Amino acid sequence: MALVTFRDETATGRALDEFTLPGLPGQISARELVRLRVREEVARHNAAPSHRFRGLVRPSDAEAELNGYRMSTARRLDWERQADAAEAAFARNGFILLVGERQIDDLDEEIDLTRDPVVSFIKLVPLVGG
């Protein structure tokens, strides 16, 4: 079992937010890892729903804010819907996934969390006019 640190970073490597999850399997696919991360952040939000959501992907009907998303009403989120949105965002290069110092290009790639227990997510912002 592995203790894994999930970290959101800027493109320059500055940490924005992080949390750890204990008890993860030593070997896991990148897809399962992304879905676990999203499930955890949605569970934390749903424990005390608010207008603001700090997560990997934007919930439907939410507006982007600095370091999060603002929803018109405080509500619970569906983690599976958010996880599906995260997979779609990965496929269209909405974020980069790093395990240790290595970039993951395929969600089906197997990851050894006992060797690389830090997983970084770097959200990419489309350029205007490009």
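Each remark here, short or long, concerns the structure printed above.
Residues numbered from 1 in each chain as written. Predicted model: local features only at pLDDT ≥ 70, side-chain atom pairs only at ≥ 80, totals over all residues. Heavy atoms only, no water.

Please explain the environment of Thr 20 as it appears in this structure.
One can find Thr 20 in strand S2 (residues 15–24). For Thr 20, a relative accessible area of 39% puts it in the partly exposed group. Distance from Thr 20 to Arg 7, taken between C-alpha atoms, is 8.6 Å for residues 13 residues apart in sequence. Discounting chain neighbours no more than four positions away, the residues touching Thr 20 are Leu 3, Val 4, Thr 5 and Arg 44. (Helix = DSSP H or I, 4+ residues; strand = E, 2+ residues; numbered from the N terminus. Buried < 20%, exposed > 50% of the residue type's maximum accessible area, 1.4 Å probe, protein only. Contact = heavy atoms within 4.5 Å.)

How do you make sense of the pairing of strand S1 (residues 2–9) when you look at a structure like this?
The side chains of a regular strand alternate, residue by residue, between the two faces of the sheet. Of all 8 residues in S1, 6 are buried; the element is thus mostly enclosed. From the end of S1 to the start of S2, which pair antiparallel, there are 5 residues, and Gly 13 there has a positive phi angle of about 95°. Two strands pair when backbone bridges link them, and S1 and strand S10 (residues 118–123) are joined in this way by 5 bridges, in the parallel orientation. Bridging from a neighbouring strand, Glu 9 pairs with Ile 122 of S10. (Pairing = 2+ DSSP bridges.)

So what exactly am I meant to see when it comes to the side chain of His 45 here?
Mapped onto the fold, His 45 is located in helix H1 (residues 30–47). Since its relative accessible area comes to 7%, His 45 is described here as buried. In contact with His 45, not counting residues within four places along its chain, are Ser 50, Arg 52, Phe 53, Met 71, Arg 75 and Leu 77.

Where do I start with the nonpolar core in this structure?
General note: in soluble globular proteins, nonpolar side chains tend to be found buried as a group. Phe 6, Val 34, Leu 113 and Val 119 are the most contacted members of the largest nonpolar core, which has 33 residues in total. Contributions of two or more residues to this core are made by S1, S2, H1, strand S6 (68–71), helix H2 (79–91), strand S7 (95–99) and S10. Ranked by residues supplied to this core, first place goes to H1 with 6 residues. With near-sequence residues (within four places) excluded, Val 119 lies in contact with Val 4, Thr 5, Phe 6, Arg 7, Leu 33, Leu 97, Leu 98, Val 99 and Leu 113. (Core = buried A, V, L, I, M, F, W, Y, C linked by side-chain atoms within 4.5 Å.)

What am I meant to see in the packing of aromatic side chains here?
Geometrically, a pair of aromatic rings is defined through the distance of the ring centres and the angle of the planes. Counted according to the given criterion, the structure contains 4 aromatic pairs. Relative to Phe 19, the ring of Phe 6 has its centre 5.3 Å away and its plane inclined at 20°; by these criteria the two rings are stacked. Note that Phe 6 is positioned in strand S1 and Phe 19 in strand S2, a separation of 13 residues in sequence. Taking relative accessible area as the criterion, Phe 6 reaches 1% and is therefore assigned buried. For Phe 19, a relative accessible area of 13% gives the class buried. Taken together, the ring pairs in this structure connect Phe 6, Phe 19, Phe 90, Phe 95 and Phe 121 into an aromatic cluster. Directly above the ring of Phe 121 sits Arg 37, whose terminal nitrogen or CZ lies 4.5 Å from the centroid. (Phe/Tyr/Trp six-rings, centres within 6.5 Å; stacked < 30°, edge-to-face > 60°. Lys NZ or Arg CZ within 6 Å of the ring centre and 35° of its normal.)

Mind showing me how you'd approach the sheet that holds S2 here?
The mixed open sheet is built from 5 strands, whose spatial order is S2-S1-S10-S7-S8. If you trace the sheet from one side to the other, it starts and ends with S2 and strand S8 (102–104), each paired once. Across the sheet, the mean angle separating the axes of adjacent strands is 25° when strand polarity is ignored. Summarising the sheet, S7 and S8 pair through 3 bridges and their orientation is antiparallel. (Axes fitted to C-alpha atoms, helices over the stretch in contact; angles between N-to-C directions.)

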